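# Coordinates in review
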Amino acid sequence: MTSEYLPKTAYAPILRRMSYDNRLAVQVSLYTGLRLGDVLKSTPADLIGNTLYYTAEKTGKNGSAKLTSSLANKLRKNANKWWLFPSPYKNGVKHRHRS
């Protein structure tokens with residue numbers, strides 16, 4: 001059994017219907033292969049230039065993923081001082097969650 005990638009034409013209509021923050025998080029996940037929970041826990045300090053540094057929660061492995069400059073700039077604009085994806089609750093002190 002082989003895996004196949006989902007073509008962009010299949011998920012683009014779904015992304016268009018998402019809120020901006022959710023769409024951005026899914027775009028980062030699709031681009032980097034990171035799990036959504038790892039993306040949502042990213043901090044501004046994790047984004048250096050166009051590179052996102054991370055520690056995968058499931059494996060504990062450190063890694064980095066090169067982003068497009070456009071995607072990195074969108075993340076910077078979305079971020080507060082604590083999180084790249086701040087929660088709309090608790091004054092952004094906590095990160096956005098999957099639920």
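Structure: see above.
## A closer look at the environment of Asp 38
- Residue position: Asp 38 is located in helix α3 (residues 36-40).
- Spatially, the C-alpha atom of Asp 38 lies 19 Å from that of Lys 77, the residues being 39 residues apart in sequence.
- Sequence-distant contacts of Asp 38, that is, excluding residues within four places in its chain, are made with Thr 55, Ala 56 and Glu 57.
- Within the local environment of Asp 38, its side chain forms a polar contact with the backbone nitrogen of Glu 57, the two atoms lying 3.1 Å apart.

## So, helix α1 (residues 8-16)
- Burial in α1 covers these residues: Tyr 11, Ala 12 and Leu 15. For α1, the arc enclosing every buried residue in end-on projection is 120°, short of the 170-degree limit, so these residues lie on one face. Counted as exposed and oriented over 90 degrees from the buried face of α1: Thr 9 and Ile 14.

## Looking at the sheet that holds strand β2 (residues 51-55)
- Spatial ordering of the open sheet is given by β1-β2-β3, a layout of three strands whose pairing is antiparallel. The strands lining the two open edges of the sheet, one partner per strand, are β1 (47-48) and β3 (62-66).

## As for the nonpolar core
- In this structure, Val 28, Leu 47, Leu 52, Leu 67, Leu 75 and Phe 85 are the most contacted members of the largest nonpolar core, which totals 14 residues.
- Counting only elements with at least two residues in this core, the list comes to α2 (20-32), α3 and α4 (69-78).
- Ignoring anything within four residues of it in the chain, the contact list for Leu 67 reads Tyr 31, Thr 32, Leu 47, Asn 50, Leu 52, Ala 72 and Leu 75.

## What to know about the pattern of salt bridges
- For the structure shown, the criterion picks out one salt bridge.
- Ionic pairing is found between Glu 57 and Lys 41, a salt bridge with its closest N-O pair at 2.3 Å. Highlighted residues: Glu 57 in the loop between β2 and β3 and Lys 41 in the loop between α3 and β1, separated in sequence by 16 residues.
- For Glu 57, a relative accessible area of 55% translates into the label exposed.

## Some points on the pairing of β2
- With two bridges connecting them, β1 and β2 associate as antiparallel partners. Note that in β2 the partner of Ile 48 across the bridge is Thr 51.
- Following β1, the chain reverses through two residues before pairing antiparallel with β2; Gly 49 in that reversal takes a positive phi of roughly 65°.
- Sheet topology places β2 next to β3; five bridges connect them, and they run antiparallel.

Each value, and the rule that gives it
- Residues numbered from 1 in each chain as written.
- Predicted model: local features only at pLDDT ≥ 70, side-chain atom pairs only at ≥ 80, totals over all residues.
- Heavy atoms only, no water.
- Helix = DSSP H or I, 4+ residues; strand = E, 2+ residues; numbered from the N terminus.
- Contact = heavy atoms within 4.5 Å.
- Polar contact = N/O pair within 3.5 Å; in protein donor to acceptor, adjacent residues only side chain to side chain.
- Buried < 20%, exposed > 50% of the residue type's maximum accessible area, 1.4 Å probe, protein only.
- Arc of directions from axis to C-beta.
- Pairing = 2+ DSSP bridges.
- Core = buried A, V, L, I, M, F, W, Y, C linked by side-chain atoms within 4.5 Å.
- Salt bridge = Lys/Arg side-chain N within 4 Å of Asp/Glu carboxyl O.

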